[in-house]
Amino acid sequence: MKLRVQTPFFILGLIIFSYGISTAIQVQHLGVHPWDVLNIALFEKFGLTIGTWAVLVGLFLVIVSFFLDRSYINIGTFLNALAVGPLVDLFLYLEIFPKSSSIFTDVLVLILGIVLMGIGGGMYSGARIGAGPRDGFMLSISDKLGMSISRVRIMVESIVLLLGWLLGGPVFIFTFVITFIQSPIYQYAYLMTTKWGSKLSEPLKPKKDVRSA
């Protein structure tokens, strides 16, 4: 896949992913992703902004991954760590979200956020410019411990969730079902991105000259 094709997918994926996080935060009382539970808890406990904590946590994970297995760190990892937080803060500032007025519409808004996170995450990962700081961190641990990625993900996100909950982050029913909704969407978006990225990277075939036939 060529960089001129990878870059638009990567950037668009980051934007969609960040907007999905911001959308879910609007109805955080229903529960949000474990990493967002932690970022919101840190924001409420120590100030700064949710996006700033996303950047700080992301950079911390990059540093840990560097010492565990630096093969998962490249330019895309840093772009992800530095871009998602400010984008989340920007969307929260602009407040361009669907309006919710009841528990039913709250659930729809949250599902929209989860779907967007799945699509965006699949797109920027499928662009293959670099794993995000959280993904790289879990892949590094998986390699070091010889454990499956899914087991490491459950272990890490459980610890993150517990820490976020202890700090007062929003934990509710959807916190425990988000992964089951988001994962298949992520996988589909990832596969579609790699498929279309490969097609768009193929050299254009010269048109057949009818006159020479």
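Here, every reference points to the structure presented above.
Residues numbered from 1 in each chain as written. Predicted model: local features only at pLDDT ≥ 70, side-chain atom pairs only at ≥ 80, totals over all residues. Heavy atoms only, no water.

Draft legend 1. Molecular detail of the layout of surface pockets. Approximately 530 Å³ is the volume found for the largest pocket. As for the largest pocket, its lining consists of 29 residues, and the residues nearest its centre are Phe17, His33, Asp135, Arg153 and Gln182. Only helix 1 (3-25), helix 2 (34-46), helix 3 (50-69), helix 4 (75-94), helix 5 (103-126), helix 6 (133-145), helix 7 (149-166) and helix 8 (178-201) provide two or more residues apiece to the lining of the largest pocket. With seven residues, helix 8 is the single largest residue contributor to the lining of the largest pocket. Its residues placed into classes, the lining of the largest pocket shows 14 nonpolar, 10 polar and five charged. (1 Å grid on protein atoms, 1.4 Å probe; cavity = no way out; pocket = protein on both sides within 12 Å on 5 of 7 lines; lining within 4 Å. Points joined across faces, edges and corners; volume = space filled by probe spheres on them. Helix = DSSP H or I, 4+ residues; strand = E, 2+ residues; numbered from the N terminus. Nonpolar A, V, L, I, M, F, W, Y, C, P; charged D, E, K, R; others polar.)

Draft legend 2. Main features of the packing of helix 3 against helix 4. Running from N to C, helix 3 and helix 4 cross one another at 170°; their axes reach a closest spacing of 7 Å. As judged from the angle between their axes, helix 3 and helix 4 are roughly antiparallel. Touching Ile50, Gly51, Thr52, Ala54, Val55, Gly58, Leu59 and Val62 of helix 3 are Thr77, Phe78, Ala81, Leu82, Gly85, Pro86, Asp89 and Leu92, all from helix 4. Grouping the amino acids of the contact of helix 3 with helix 4 by side-chain chemistry returns 10 nonpolar, five polar and one charged. (Axes fitted to C-alpha atoms, helices over the stretch in contact; angles between N-to-C directions. Parallel < 35°, antiparallel > 145°, perpendicular 65-115°, else oblique. Contact = heavy atoms within 4.5 Å.)

Draft legend 3. Molecular detail of the packing of helix 6 against helix 7. Close contact between helix 6 and helix 7 brings their axes to 9 Å; oriented N to C, the two are set at 120°. Taken together, the axes of helix 6 and helix 7 lie oblique to each other. Like other packed secondary-structure pairs, helix 6 and helix 7 cross with a definite hand, here right-handed. Along its contact with helix 6, which presents Asp135, Phe137, Met138, Leu139, Ile141, Ser142 and Leu145, the element helix 7 presents Ile149, Val152, Arg153, Met155, Val156 and Glu157. Broken down by class, the residue content of the contact of helix 6 with helix 7 amounts to nine nonpolar, one polar and three charged. (Left-handed = near helix turned anticlockwise from the far one by under 90°.)

Draft legend 4. Broad picture of helix 6. The terminal C-alpha atoms of helix 6 lie 18 Å apart, and with 13 residues this matches the ideal 18 Å at 1.5 Å per residue to within 8%. Listed as buried for helix 6 are Pro133, Arg134, Asp135, Gly136, Phe137, Met138, Leu139, Ser140, Ile141 and Ser142. Contacts made by the buried residues of helix 6 are with helix 2, helix 3, helix 4, helix 5, helix 7 and helix 8. Positive phi appears at Gly146, one or two residues downstream of helix 6, with a value of about 70°. (Expected span 1.5 Å × (residues − 1). Buried < 20%, exposed > 50% of the residue type's maximum accessible area, 1.4 Å probe, protein only.)

Draft legend 5. Inspection of the packing of aromatic side chains at higher detail. The tally for this structure, following the rule as stated, stands at seven aromatic pairs. On the numbers, 5.2 Å between centres and 80° between planes, the contact of Tyr19 with Phe91 is edge-to-face. Highlighted residues: Tyr19 in helix 1 and Phe91 in helix 4, separated in sequence by 72 residues. Its relative accessible area of 22% is what places Tyr19 among the partly exposed residues. With a relative accessible area of 14%, Phe91 lands in the buried category. Clustering of aromatic rings is evident, with ring pairs tying together Phe10, Phe17 and Tyr124. The aromatic ring of Trp35 is capped on one face by Arg134, whose charged end is 5.5 Å from the ring centroid. (Phe/Tyr/Trp six-rings, centres within 6.5 Å; stacked < 30°, edge-to-face > 60°. Lys NZ or Arg CZ within 6 Å of the ring centre and 35° of its normal.)

Draft legend 6. Representation of unusual backbone geometry. A positive phi angle is found at Glu95, which is not glycine, with a value near 55°. Structurally, Glu95 is set in the loop between helix 4 and helix 5. Even without glycine at this site, Arg128 takes up a positive phi of about 60°. Of note, Arg128 is situated in the loop between helix 5 and helix 6.

These results come straight from atomic positions and should not be treated as a statement about function.
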